[in-house]
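# Structural overview for review
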Amino acid sequence: MARIAKTDTALLAELRGLIEQARQHVAQAANSTLTLLHWKLGARIQREILQGQRAQYGEEILPTLSAKLVPEYGKGFGHKNLARMVQFAEVFPDEEIVVSLARQLSWTHFIALIPLKKPLEREFYAEMCRIERWSVRTLRERIGSQLYLRTAIARKPEAVVQAEISHLREGGQMTPDMVFRDPYMLDFLRLPDGYSERDLEAAILRDMERFLLELGVGFTFVARQKRVTVGPDDFYLDLLFYHRQLRRLVAIELKLESFAPAHKGQMELYLRWLDKYDRAPGEESPIGLILCAGANAEQVELMDLSSANIRVAEYLDHIPDMKVMQAQLHRAAELARQRAAQGTLPRGEESEGEQE
């Protein structure tokens, strides 16, 4: 009897798995179909009914259409929703891109993306949402925390940003500029006044799940206080991670003070040691991230850190005024693009953060 019960349990588990898999497939298909329907309705209204007279004629025709559709198909086709569908077709004019995104993104995801004013920013969030499979809540949090402006790619010329997003859309791999951010939001660590580097590291280890979310999808924790032995001396790297998409080790050093030139030499030592002793066949060269309280843009620029596979980023241990931070990030991105266009930065340095 015990053997039969065990067989029945295994069979039941398998049947449940098949049912759940089918339900998920049906839900995904229904979501994709509904999203495409909303896009097609919006495109048709925009193209064949509004005919470019959106401001005046649209105000008249949308209520008329909704009054006919709602009794037959429900409140989902009310005036405001029809207007949103038109806006959806306006900001996502390429049907093929919508078809691709709709396999992962729900209509509610698109509702969160539609209000974004800048096309490149909207495309960035859409592709990252698709690749990293964000929930609607996560997407809204990423938009609210200005993830795009905190990502190194935002400081690149627009043509470069578009090329990288298109590369991702076509199945290409993420680049470090799409992965690394500046600043990193570590307010969730709830650090006490006068905390030390040891306190910061311990807080990260206690809340590793949240820290990994802030780093982004693809990071896997490897070690803390990684011992690096060079000759008779032992050195200790604060944190070591691995990034699946980049296929490389990521060394992280924590600094309570602002970035100093000596930090570069320390990180270079760690990266060269990791490259020689820990790098597995098929992996890319390790990359370093120095997380510090601040950084002088000119120092970072002159040291040409990108050529050494080193990134510098500020961490924030408290929630900033988001409007002020947004303005600062916009200004930093614009300055970086201007300087890149003028050719004043060392090769590859455009991606380094401009600090206030």
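So, a few notes on the structure that sits alongside this text.

Scoring rules and cut-offs
Residues numbered from 1 in each chain as written. Predicted model: local features only at pLDDT ≥ 70, side-chain atom pairs only at ≥ 80, totals over all residues. Heavy atoms only, no water. Helix = DSSP H or I, 4+ residues; strand = E, 2+ residues; numbered from the N terminus. Contact = heavy atoms within 4.5 Å. Expected span 1.5 Å × (residues − 1). Buried < 20%, exposed > 50% of the residue type's maximum accessible area, 1.4 Å probe, protein only. Salt bridge = Lys/Arg side-chain N within 4 Å of Asp/Glu carboxyl O.

Along the chain, the position of arginine 248 falls in strand β4 (residues 248-254). Among residues more than four places away in sequence, those in contact with arginine 248 are Pro176, Phe241, Tyr242, His243, Glu284, Ser285, Ile287 and Asn309.

End to end, helix α6 (residues 119-132) covers 20 Å across 14 residues, agreeing with the expected 20 Å (1.5 Å per residue, within 8%). Extensive coverage of α6 is indicated by the burial of 12 of its 14 residues. Those residues of α6 that fall on the buried side of the exposure criterion are Leu120, Glu121, Arg122, Glu123, Phe124, Tyr125, Ala126, Glu127, Met128, Cys129, Arg130 and Glu132.

By the definition in use, this model includes 13 salt bridges. In this structure, glutamate 123 and arginine 169 form a salt bridge, with 3.0 Å as the shortest nitrogen-oxygen distance. Residue glutamate 123 is found in helix α6, and its partner arginine 169 is found in helix α9 (residues 158-169); the two are separated by 46 residues along the sequence. Across the pair lysine 156 and aspartate 177 runs a salt bridge whose closest N-O atoms are separated by 3.3 Å. Here aspartate 177 lies in helix α10 (residues 176-179) and lysine 156 lies in the loop between α8 (147-150) and α9, a separation of 21 residues in the sequence. What makes lysine 156 buried here is its relative accessible area of 11%. Through salt bridges with shared partners, a single ionic network connects Glu123, Glu127, Arg130 and Arg169.

Time to look at unusual backbone geometry. In this model, aspartate 182 is joined to proline 183 through a cis peptide bond whose omega is 5°. A positive phi angle, close to 55°, is found at arginine 133, a residue other than glycine. Residue position: arginine 133 is located in the loop between α6 and α7 (136-144). We note that aspartate 304 has phi near 50°; this positive angle belongs to a residue other than glycine.

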